[in-house]
Amino acid sequence: MNIGLIAHDSKKKLMQNFCIAYRGILSKNTLYATGTTGRLIEEVTNLSVHKYLAGHLGGEQQMGAQIEHNDMDLVIFLRNPLNPQKHEPDISQIARLCDMYNIPIATNLATAELLIKSLDRGDLEWREMYK
């Protein structure tokens, strides 16, 4: 399965810890991330991550394009809802595209853990048929 990983600056450490905790599950899948987030994940987990540009430089748009092509199965987007981002339209577009293409998306740690555990149980295998 293809998993997209995005984290706002204030959530990057949380994303690193999440990936450390679920390294075993994540290692069985193909990971995509915005540039800085991907690099930080690789540094602490030794997982292989396909990295786009940094989010504010177009990485979120690149991930959006992959979602539009129905080539993403799960997105974990740890965002900070209290600090508006300059590229907020791109951020909103990721969630909108996931809704349009029926791709599960987590925007907080609690939902991310539920989705990653569901993935491990095989609950997301329907995505293979959906493609």
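Here the structure is shown first, and the text comes after it.
Let us look at the structure shown here. (Residues numbered from 1 in each chain as written. Predicted model: local features only at pLDDT ≥ 70, side-chain atom pairs only at ≥ 80, totals over all residues. Heavy atoms only, no water.)

### Concerning the pairing of strand β1 (residues 2-7)
Under the convention used in this document: Each residue's exposure class comes from its accessible area (1.4 Å probe, protein chains only) as a fraction of the maximum for that residue type: buried when under 20%, exposed when over 50%, partly exposed otherwise. Per the convention used, a helix needs a DSSP run of H or I reaching at least four residues, while a strand needs a run of E reaching at least two, with both numbered from the N terminus. Here, a strand pair is defined by DSSP locating no fewer than two bridges between the strands.
Within β1, 6 of the 6 residues are buried, which leaves the element mostly enclosed by the surrounding structure. Judged by which residues are buried, β1 turns out to be covered on both faces: Asn-2, Gly-4 and Ile-6 on one side and Ile-3, Leu-5 and Ala-7 on the other are all buried. Across 5 bridges, the pairing between β1 and strand β4 (residues 74-78) is parallel. Considered in β4, the bridge of Gly-4 is made with Val-75.

### With respect to the packing of helix α1 (residues 12-21) against helix α3 (residues 35-45)
Inclusion rule: Here an axis means a line fitted to C-alpha atoms, over the contact stretch when the element is a helix, while the angle between two N-to-C directions is reported on a 0 to 180 degree scale. Oblique is the label for any angle not covered by the other classes, which are roughly parallel (under 35 degrees), roughly antiparallel (over 145) and roughly perpendicular (65 to 115). Whether a crossing is left-handed or right-handed is set by the direction in which the near helix is turned from the far one by less than a right angle, anticlockwise for left-handed and clockwise for right-handed. By definition in these notes, contact holds between two residues if any of their heavy atoms fall within 4.5 Å. As a working rule, the residues Ala, Val, Leu, Ile, Met, Phe, Trp, Tyr, Cys and Pro are called nonpolar, Asp, Glu, Lys and Arg charged, and the rest polar, with Gly in that last group.
Interhelical geometry of α1 versus α3 gives an angle of 45 degrees and a closest axis separation of 9 Å. The angle between α1 and α3 places the two elements in the oblique class. The way α1 lies across α3 gives a crossing that is right-handed. Across the interface between the two elements, Lys-12, Met-15, Gln-16, Cys-19 and Ile-20 from α1 touch Thr-36, Thr-37, Leu-40, Ile-41, Val-44 and Thr-45 from α3. Here the residues of the contact of α1 with α3 sort into 6 nonpolar, 4 polar and 1 charged.

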